[in-house]
Amino acid sequence: DNDDDDGEGGDDDDFIDAPLRDTRALIRPEDVRDLPRPLGALALCLQRWYYSVRRCAKSAHRRVYGDTFPWDDFVRTMVLSSTLFVMIGGYW
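Now for a quick tour of the structure.

**Digging into the overall build of the protein chain**
Then, in step 1: Looking only at helices and strands, one finds 2 helices and 0 strands in the protein chain.
Then, in step 2: Of all 92 residues assigned to the protein chain, the portion counted as buried reaches 9%.
Then, in step 3: As presented, the protein chain carries roughly 8,800 Å² of accessible surface, and 59% of it is formed by carbon and sulfur atoms.

Encoded structure:
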């Protein structure tokens, strides 16, 4: 009895063999091929700019704080403090 009623048997699962996407780039040139040329180029340019600014901010953060203040905690603190700043600034 080798009945697989749950559908989990077999080696026809191609999900595992699929290559992983590049985690540094959310939008690839293949993804914007269907968009009008200026819009796709703008999306790729903004993504390149975002990742370069993020890399510079992370290196500056590491230079100032080292490994004592993790990047994720820094981002969380900045988001919460900027929200408080906008709320107090809007009140004034």
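**What to know about helix α1 (residues 37-65)**
Then, in step 1: Relative to the 42 Å expected for 29 residues at 1.5 Å per residue, α1 spans 42 Å between its end C-alpha atoms, a close match to the ideal helical length.
Then, in step 2: By the burial criterion, the buried members of α1 are Gly 40, Leu 44, Gln 47, Tyr 51 and His 61.
Then, in step 3: In this fold, the buried residues of α1 make contact with α2 (71-91).
Then, in step 4: A positive phi of about 70° marks Gly 66, the residue just after α1.

**So, a nonpolar patch on the surface**
Then, in step 1: Judged by side-chain polarity, Leu 35, Leu 39, Leu 42 and Leu 46 come together as a nonpolar surface patch covering roughly 350 Å² of accessible area.
Then, in step 2: Note on placement: Leu 39 falls in helix α1.
Then, in step 3: On the basis of relative accessible area, Leu 39 is assigned to the partly exposed category, the value being 45%.

**Thoughts on the packing of aromatic side chains**
Then, in step 1: Inspection of every chain in the model, using the stated rule, returns 5 aromatic pairs.
Then, in step 2: Plain terms: the ring middles of Tyr 65 and Phe 69 are 5.3 Å apart, the flat faces sit at 70° to each other, and that makes the pair edge-to-face.
Then, in step 3: Ring centres 5.6 Å apart and planes at 35° place the aromatic pair Trp 71 and Phe 74 in the tilted group. Separated by 3 residues within a single helix, Trp 71 and Phe 74 lie in helix α2, roughly one turn from each other.
Then, in step 4: Residue class for Trp 71 comes out partly exposed when judged on its relative accessible area of 21%.
Then, in step 5: Clustering of aromatic rings is evident, with ring pairs tying together Tyr 65, Phe 69, Trp 71 and Phe 74.

Here is what the cut-offs are and how they apply
Residues numbered from 1 in each chain as written. Predicted model: local features only at pLDDT ≥ 70, side-chain atom pairs only at ≥ 80, totals over all residues. Heavy atoms only, no water. Helix = DSSP H or I, 4+ residues; strand = E, 2+ residues; numbered from the N terminus. Buried < 20%, exposed > 50% of the residue type's maximum accessible area, 1.4 Å probe, protein only. Areas by Shrake-Rupley, 256 points an atom, 1.4 Å probe, with all protein chains shown as cover. Expected span 1.5 Å × (residues − 1). Contact = heavy atoms within 4.5 Å. Patch = residues over 30% accessible without salt bridge, like charges linked within 9 Å, V, L, I, M, F, W, Y side chains within 5 Å. Salt bridge = Lys/Arg side-chain N within 4 Å of Asp/Glu carboxyl O. Phe/Tyr/Trp six-rings, centres within 6.5 Å; stacked < 30°, edge-to-face > 60°.

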